[in-house]
Structure formats: C-alpha cells, structure tokens
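Descriptive structure summary
If you want the building blocks of each chain, they are given just below.
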Amino acid sequence: MMKPLYRPEGVEERWQRTWEEEGLYDADPDPARPTFVDAHPPPNVTGELHMGHALQLALGDAVVRMKRMQGFNVLFQPGYDHAGISTQNAVEKHLAREGKTRQDLGRAAFEERVWEWLHEYGKTIMTQFRRMGASLDYRRERFTMDDAYVRAVMHAFVHLYRKGWIYQANRIINWCPHHQTSLSDLELLHEEADDALTTIRYPFADGSGGIAIATARPATIPADVAVAVHPEDERYRALVGREVVVPFIEKLVPVIADERVERQFGTGALKVTPGHDPTDFEIGRAHELPEPMAIRADGRMSDLAPGLEGLTQKEAEGRIVEWCRERGLLVEREAYRHSVALCERCGSRIEPLISLQWWCAMDELKKPALEALRERRVRFHPESQHRFAIDSLESAPDWCISRQLWWGHQLPVWECPDGHFTVEESEPAACAECGSAELTRSSDVLDTWFSSALWPFATLGWPDETDDLRAFYPGGLQTTAREIIRLWENRMIFMGLELLGEIPFTDVIIHSTVLAPDGRRMSKSLGTGIDPLDVIADHGADATRYGLLKMSSTQDVRFSYGAVEEGRKLANKLWNVSRLVLANAGSSTPSERPEHTEERWIFGRLQVAQDDLEAAIARFDFSEATNILYHVTFDDFCDWYAELVKPRLSAGQVDAQATALAALERLLKLLHPVMPHVTEEIWSQLPARQTRLIVAPWPERDSRRRSDYNLLDGLQLAVRVWRRTSALPPPVTSADEHLFRIMTEGRRPDGAVGLEAELERLRKEVARCEGMLANERFVRSAPADVVEGEREKLARYRRELDALLG
C-alpha cells in the first residue's frame with residue numbers, strides 16, 4: 001500500500017543500492033545488442049561533487065537510462081583521473097602540517113604517501129555520484145594510475161615518439177614557482193592586479209640622447225637583449241640599427257624593428273626580454289637574440305646581475321628603480337592595473353620562463369581530428385561550441401606534455417651519459433644508440449591531460465584487443481563543460497583517430513555553466529557556492545535532477561531553487577495520482593483498452609509527449625524535455641484524465657482500471673530517465689511487474705494514436721469558459737456532456753468575472769500575442785520554445801474568444 005505522502009528520504013538510497021546490487025547498471029559485451037557508451041569524464045580523484053558535476057550527471061544519466069530502456073547495451077563508464085598537480089598539492093599541504101616537505105621524504109616515499117592519502121581521503125566523489133542516482137557501471141571503476149592504464153599511457157607515448165611527434169626543446173612556458181613545474185595556458189587563472197608602470201630612459205650608446213620605455217617588470221631589465229619598435233612607427237623608424245645602454249647592467253643592445261610591437265602601449269618602444277615574456281621570446285627567436293634569464297625557477301633573482309641574486313622580484317625592482325632615479329633615467333612611475341596569470345591550484349603568480357621540456361607536435365596529429373569535426377562525424381552541441389572546437393584545434397600550438405612533479409606518469413625516457421635518449425614502454429637494459437648500461441630515467445611526469453586523452457579506450461583494455469574494446473569503442477556520447485574542450489575533448493578525438501583509427505564518440509554535449517542565483521560564479525571562497533548534496537538532502541535527487549535539466553536551456557544559467565521545487569511538486573503530484581489509480585485498481589492488471597473519449601485522448605497525449613520527448617533528447621534539449629514531462633503529467637494525466645476517469649474507477653469498471661494502470665505505466669516509463677527513483681518506487685507497486693523499471697522496455701510507438709491528441713479540445717474550452725465566467729458554456733458534443741458534468745458538478749467557478757470583462761481580457765491577450773509575434777526581433781532572438789509558446793497562447797485565446805462570441 002502506498003503511503004499518503006511521498007518522501008524521497010530513504011527511498012532514493014534504497015533504489016540506488018538495489019539497482020547496483022542486482023547488476024542493472026552492468027554492461028558486458030553482447031554482439032546481439034546495439035551498444036551505447038557514455039565514457040563519463042573522470043573527475044579529480046581528490047575532488048567532491050559540485051554543481052557542474054551534478055548537471056553533467058543529470059544530462060548523461062537521462063540519456064543512458066532512456067537508451068537502456070530502448071534495448072541498448074549501455075556502458076556508462078566511471079572512474080577518476082590522478083589530477084597530478086592538484087593531488088600533489090593536497091598531499092604537500094598535509095605534509096606541511098607535520099612540518100615536512102616532499103623533499104624530506106624523497107620521491108619513492110612521497111609516492112607511497114600519496115597512495116596512503118588517497119586510500120584515506122580520495123575517491124569519495126563516486127559515492128556522491130551514486131547519491132545523484134547516476135547509473136554508472138561501478139564495477140568498471142578505472143583510475144589513470146592503475147597498472148593497466150599506466151601501460152596504455154606508456155604505449156601511447158612511445159608510439160608518438162617513434163613517429164617523431166614527441167621531442168624535447170627549450171621554449172618559453174608557464175612556470176609555477178611554488179610547485180616548480182610547467183603549466184599549460186589552460187591551467188591558469190587570470191586576475192586583475194595593481195602594479196606600477198615604470199618608464200625608464202635607455203641612453204643611446206653614443207651619448208646623444210635616449211629612448212624611453214615603459215615596463216611593468218623592472219626586475220627583468222638585467223635580461224634585456226634589445227629594444228624593439230614597430231617598423232611603421234614614424235617616431236622611431238630612424239633609430240633602428242642604433243645601440244642603447246641597458247640600465248643597471250649597462251650593457252649595449254641593438255634597436256630592432258618588429259611588427260609584434262604594440263605601438264599603443266606605453267611609449268611604443270619595447271624592451272625585449274626573451275626569457276620572461278612570450279611575445280619577447282617570439283621576437284628573440286625571429287631575430288636570433290640571446291636568451292638570458294634574470295629570474296630563477298623559485299621566482300627569485302638569478303646571478304645574472306651582481307647584487308641581485310636571491311632577492312625577491314619586488315626587492316630587485318626597488319634597487320633597479322632607485323639606481324635609475326639616482327642617474328636621472330627614471331621618467332615616471334604610475335599606477336597600473338592589468339591582468340596577471342596565476343596558478344589555478346596555489347594562486348602563485350606565473351613566471352614565463354624558458355625551460356627544457358617535452359613537446360608533442362600538433363601539425364599532423366590534429367589534421368584527422370579537424371577533418372572529423374568539419375565533416376561532423378563528431379558533433380558538439382550547441383552549434384556555437386562546435387565552431388569553437390574547430391577554431392581552437394586549428395590554432396592549437398605544440399603541446400607541452402612534461403611536468404616537473406612527483407605524482408603522475410613518469411616519462412618512459414632514459415638517458416645515458418652521452419646524452420642519448422632511449423624511449424621504451426618498460427625499463428631498457430642498455431642505451432639504444434651506444435649500448436651503455438648506465439641509464440637515468442627522466443624525472444618528469446606527463447601532463448595529466450595526456451593520460452585523460454586516452455580515457456575512451458584505455459578504460460576498455462587498450463592497447464590489447466579486448467572484447468570490451470571491440471564491443472564499446474567507439475562510443476556515443478560525452479558531456480562536459482566548455483572550458484575543457486581544448487584540454488580534453490579535442491585531444492580525445494585526435495588520440496582516438498591516431499591510435500585506433502576511429503573517432504572516440506559522435507556527440508559532445510557542452511552543458512550550461514550554473515551560476516549562483518545572483519549571477520556570480522559559484523565559489524566557496526566567494527561564499528556563492530551551492531552544494532548539490534545539500535539540495536538533494538532538502539528536495540531529493542529526482543527534484544534536483546529535474547531542476548538542473550530545466551535550468552539547462554542556455555550556456556550560462558542562474559541556479560534556481562524554484563526549478564528544483566517544481567521537480568519536487570511534480571514528484572508529489574505523480575505519487576498522489578498513482579495512489580488514486582492503484583487504490584481503485586481492484587484485481588486488474590495493466591492492459592490498454594481505450595474505448596472512452598478520455599482514454600483515447602490520454603493515450604494520444606502520451607504518444608505525442610513520447611515523440612516530442614525523444615526528439616528533445618535527441619537534440620539534447622533537456623529543458624524542453626522537462627517541459628514536455630511536466631505538462632503531460634500535471635496538465636494531461638493529473639488535471640484532466642484522472643479527474644475524468646475517477647468515477648469509472650470508483651465504480652469498479654475493470655476496463656477503466658486496466659487502462660488506467662496501462663496509461664500510468666506508460667507515463668512512468670517516460671518520466672524514469674529524468675526522475676528515476678520516484679518512478680521506480682511507484683512501478684514496484686504496480687501489479688504483474690516482471691522487471692524493474694530501469695530495464696523495462698521503452699513504450700512502443702503507435703502513430704495512429706496521435707490523431708486522438710485533440711479529442712478533448714471542445715470540452716476543455718467549455719470548462720475553461722465556465723470557470724472564468726460562469727456563463728453558459730460553448731456547446732459540447734453529446735458524448736462530452738457527461739464529461740463536462742464531471743468537471744463542473746459540485747464546483748464553483750474560479751473567481752468568475754462577467755462576460756464582458758472576460759471578452760475584454762481575451763481581446764487584450766490576443767492583441768498582446770499578435771504584437772509580440774509581429775516583432776521580428778522577438779521571433780528571431782527569443783528561444784524557439786518561448787516563441788512557440790506565444791503562438792500556442794494566441795491560438796488558445798482566439799478559440800476562447802470565438803467560443804464566447806458564439
């Protein structure tokens with residue numbers, strides 16, 4: 001017997017355990033069934049569920065649950081990435097509380113400590129994924145540091161190296177002085193900082209004057225190797241070829257011309273410091289300039305200039321500026337606000353430094369991926385993100401794949417005393433070039449994203465030809481955030497094509513960014529974060545999933561408790577109407593015997609809703625999917641069908657009971673992908689159940705029923721007019737007269753107004769809708785569902801107006 005009120009507490013956790021224990025999430029190779037794969041993005045092994053994860057799971061799980069019911073052999077792949085810098089940072093903070101550093105432990109002991117820390121604190125997020133109701137095959141949990149996965153990473157590295165696409169080179173990189181490692185552009189934060197813009201005069205070597213240069217980094221002056229001006233800048237064109245004296249170190253450097261100089265910045269003349277600025281580095285390489293560095297790896301000053309070694313940059317800047325002031329070379333210092341790059345993990349200012357790193361050449365590797373994107377064999381949704389994926393891959397520079405960390409995949413590169421490299425998947429016995437047995441392995445590890453790029457196939461046993469790989473590669477779907485299109489999605493595409501010759505998936509959903517209710521980004525530090533587990537505790541997982549999907553209509557959305565509350569109310573409404581049907585079902589079992597008007601009508605409505613729902617999910621319009629489910633449940637099933645069929649249920653009419661059970665069964669199936677727990681709980685109360693709802697067959701389509709969609713239009717119009725005006729209703733068919741009485745007998749009109757007042761209201765609504773739809777800007781710019789909603793309102797208002805006018 002169903003309880004009077006639906007409370008998700010306990011129910012959701014029970015079904016989550018039941019589904020998993022009964023193996024209903026499991027995916028095993030089955031050649032007889034079509035497959036569908038969502039290789040879910042592996043979260044940070046040290047991370048916790050945030051709102052982006054929750055939305056990602058709601059989207060992906062809605063799709064895979066529908067596919068599972070449609071008969072697909074579904075693999076929803078769980079797992080973690082090792083999050084090199086993030087995990088190392090967390091463990092180092094833990095060590096710091098003991099008064100230790102990783103250097104105190106040594107590399108091997110530090111790695112052991114990381115594993116210990118992960119066993120105690122890591123991998124909690126998968127429990128939180130379960131709390132969302134995510135139907136991942138948790139048996140298949142993978143970790144990018146598992147032995148089999150490490151082997152796949154080594155195999156991929158060796159393959160690319162032997163093709164000549166992995167190489168070592170000195171280039172300027174983003175350097176974190178705290179973590180002492182290189183970082184990609186995509187691992188940085190950019191924040192506004194208040195500094196000083198210092199203008200200093202560089203004297204000409206012949207003593208005939210000088211050239212003023214503005215810089216925000218006077219501490220790098222000792223590494224200046226030239227002064228550059230734009231070749232078309234009339235102010236400086238005559239100075240090209242002359243020499244100037246670099247202040248403080250008093251070294252002669254040339255004045256050169258280069259088109260990369262920004263004439264609008266400062267004085268229009270640029271001090272060229274290749275070792276500490278990406279643009280200067282490019283200029284230096286183009287002009288074959290030397291590349292000294294004034295700043296060390298720890299962010300302090302090097303021994304390049306006497307008297308500065310070991311100082312902080314701020315201290316060095318003070319000494320250099322004072323030296324220039326004493327000699328009359330300081331022109332001015334002014335406040336300067338500008339964007340600076342920070343390490344996203346520790347917040348340290350990034351130092352552009354020239355460093356010997358390992359790189360992956362992109363020119364050839366990215367070509368097949370670009371072709372797949374242009375031919376739309378892989379499609380990003382929405383379209384704007386597909387264009388961005390192509391643009392970002394076209395402009396992708398060579399990839400710096402080495403990191404100076406201790407946690408991660410150590411490069412399979414060994415070096416002999418003569419400087420020869422030997423690259424093998426496992427430790428070689430001797431140098432491949434000279435035969436020396438004295439080999440030292442590179443201490444660098446790979447960028448975490450290198451291993452993540454292998455996720456769709458390394459999780460399936462690659463490089464071995466496994467049954468899983470044959471069955472589940474290539475996959476179907478990816479769901480992710482737009483900020484990792486370049487970091488991860490594009491890289492999975494080119495790695496899959498290079499290593500297996502096939503795209504890894506066909507569709508990528510770039511989901512909304514969920515902002516705080518006030519429009520700011522969600523952040524614990526800002527106090528704007530919302531923990532999805534708190535939302536689940538207050539409203540339930542089904543309501544949270546529904547609300548997130550309803551919010552996902554654009555690329556930036558404000559979190560709405562109202563949308564979640566709507567989901568909670570929908571679950572309660574569904575529970576109550578199910579109690580009505582089951583309490584009056586007698587000994588009947590579900591059987592579709594729609595003979596009466598309201599029965600044919602509800603099956604017509606359910607069929608159209610099913611068609612519309614399938615179309616919405618096929619185009620990944622999850623907000624529209626929730627609208628479809630809301631209206632077919634609240635409006636059609638509960639407010640009309642249940643009310644109309646109630647007298648026949650109460651009278652014990654067997655056909656009505658069987659048909660109502662069958663209609664409820666269909667409704668539960670449509671709702672299950674979005675609201676799995678409440679639907680499974682109700683399903684378990686239905687008579688003659690032979691399977692769980694999660695694996696029950698998706699409703700068979702019957703296109704003939706679509707013609708019954710409008711069977712109650714006349715009745716609904718009559719009832720609406722009566723409720724609004726208490727006037728005589730428009731005529732209804734004789735077949736609908738008893739239905740009209742069911743909807744009106746014993747009830748009072750809802751604040752009935754006079755006939756003239758209602759006519760006036762309807763005329764105003766018609767005029768308003770006509771005005772909006774005549775506005776080309778509104779029709780062109782508003783979401784398609786909003787425009788269609790206005791068209792539907794206009795049609796309804798016109799029908800009601802016509803009915804009142806006879």
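Notes on the structure in this doc start here.

**Observations regarding the overall build of the protein**
- Helix and strand counts for the protein come out as 27 helices and 25 strands.
- Taken along the three principal axes of its C-alpha coordinates, the protein extends 110 × 65 × 50 Å.
- Taking all 806 residues of the protein together, the buried fraction comes to 54%.
- The contacts of the protein with a sequence gap of at least 6 include a subset with a gap of at least 24, amounting to 77%.

**Topic: the sheet that holds strand S11 (residues 251–257)**
- Strands sit in the order S10-S11-S9-S12 across an open sheet of four strands; the sheet is mixed. Lying at the two open borders of the sheet, with one neighbouring strand each, are strand S10 (243–246) and strand S12 (269–272). Within the sheet, the average angular offset between the axes of one strand and its neighbour, ignoring direction, is 35°.

**Description of the environment of Cys 360**
- Along the polypeptide, Cys 360 turns up in strand S14 (residues 351–360).
- In sequence terms Cys 360 and Val 272 are 88 residues apart; their C-alpha atoms lie 28 Å from each other.
- Look past the residues within four positions of Cys 360 in its chain and what remains in contact with it is Leu 160, Trp 165, Ile 166, Tyr 167, Leu 365, Asp 398, Trp 399 and Ile 401.

**Quick word on helix H20 (residues 622–650)**
- By the largest-angle criterion, Ala 642 marks the main kink of H20, which is about 45°.
- Most of H20 sits inside the fold, with 21 of its 29 residues counted as buried.

**Things to note about the nonpolar core**
- Formed by 116 residues in total, the largest nonpolar core has its most connected members in Phe 559, Leu 613 and Phe 622.
- The greatest single-element share of this core, amounting to 14 residues, is contributed by H20.
- Contacts of Phe 622, omitting those with residues within four sequence positions, involve Leu 59, Ala 62, Val 63, Ile 509, Leu 549, Ser 552 and Ile 617.
- Tyr 149, Val 413, Trp 449 and Ile 485 belong to the second-largest nonpolar core, a separate cluster that totals 61 residues.

**Observations concerning the pattern of salt bridges**
- Counted under the stated rule, the structure contains 69 salt bridges.
- Across the pair Glu 375 and Arg 377 runs a salt bridge, and its minimum N-O distance is 2.9 Å.
- Taking the relative accessible area as the measure of exposure, Arg 377 reaches 34% and is therefore partly exposed.
- Between Asp 621 and Arg 619 there is a salt bridge, with its nearest N and O atoms 3.9 Å apart.
- Here Arg 619 falls in the partly exposed class, since its relative accessible area comes to 48%.
- Residues joined by salt bridges that share partners form a network here, namely Asp 26, Asp 28, Asp 137, Arg 139, Arg 140 and Asp 468.

**Topic: the side chain of Arg 605**
- Inspection of the secondary structure puts Arg 605 in helix H19 (residues 597–618).
- Among the polar contacts listed, one links the side chain of Arg 605 to the backbone oxygen of Tyr 709, at a separation of 3.0 Å.
- Beyond its immediate chain neighbours, meaning those up to four positions away, Arg 605 contacts Val 632, Asp 636, Tyr 709, Asn 710, Asp 713 and Gln 716.

**Topic: the sheet that holds strand S20 (residues 440–441)**
- Pairing is antiparallel in the open sheet, where three strands are placed in the order S19-S18-S20. With partners counted over all chains shown, the strands left at the sheet margins are strand S19 (421–423) and S20, one partner each.
- Where strand S18 (residues 413–415) and S19 come together, three bridges link them in antiparallel fashion. Each residue of the ladder has a partner; that of Val 413, found in S19, is Val 423.
- Where helix H7 (residues 147–162) meets the sheet, its contacts fall on S18, S19 and S20, and the angle it forms with S19 comes to roughly 130°.

Each value, and the rule that gives it
- Note on numbering: residues in each chain are counted from 1, in written sequence order.
- In keeping with the predicted nature of the model, local features appear solely for residues at pLDDT of at least 70, side-chain atom pairs appear and are counted solely at 80 or more, and the whole-chain, interface and lining totals rest on all residues.
- Each side-chain value is derived from all of the structure's non-hydrogen atoms; neither hydrogens nor water enter the calculation.
- A helix here means a DSSP run of H or I that spans at least four residues, while a strand means a run of E at least two residues long, and both kinds are numbered starting from the N terminus.
- We call a residue buried when its accessible area falls under 20% of the maximum for its residue type, exposed when it is over 50%, and partly exposed in between, using a 1.4 Å probe and counting protein chains only.
- By definition, residues are in contact when any of their heavy atoms lie within 4.5 Å.
- Criterion used throughout: strands pair if DSSP finds at least two bridges between them.
- Each axis is a line fitted through C-alpha atoms, taken for helices only over the stretch in contact, and angles between the N-to-C directions span 0 to 180 degrees.
- What we call the bend at a residue is the angle made by axes fitted to the seven residues finishing there and the seven residues starting there.
- Take the buried residues of types Ala, Val, Leu, Ile, Met, Phe, Trp, Tyr and Cys, join any two whose side-chain atoms come within 4.5 Å, and each joined set is a nonpolar core.
- The working definition used for a salt bridge is a side-chain nitrogen of Lys or Arg within 4 Å of a carboxyl oxygen of Asp or Glu.
- Side-chain atoms alone can form a polar contact between residues adjacent in sequence; in general such a contact is a pair of N or O atoms within 3.5 Å, and within protein one must be able to donate a hydrogen while the other accepts it.

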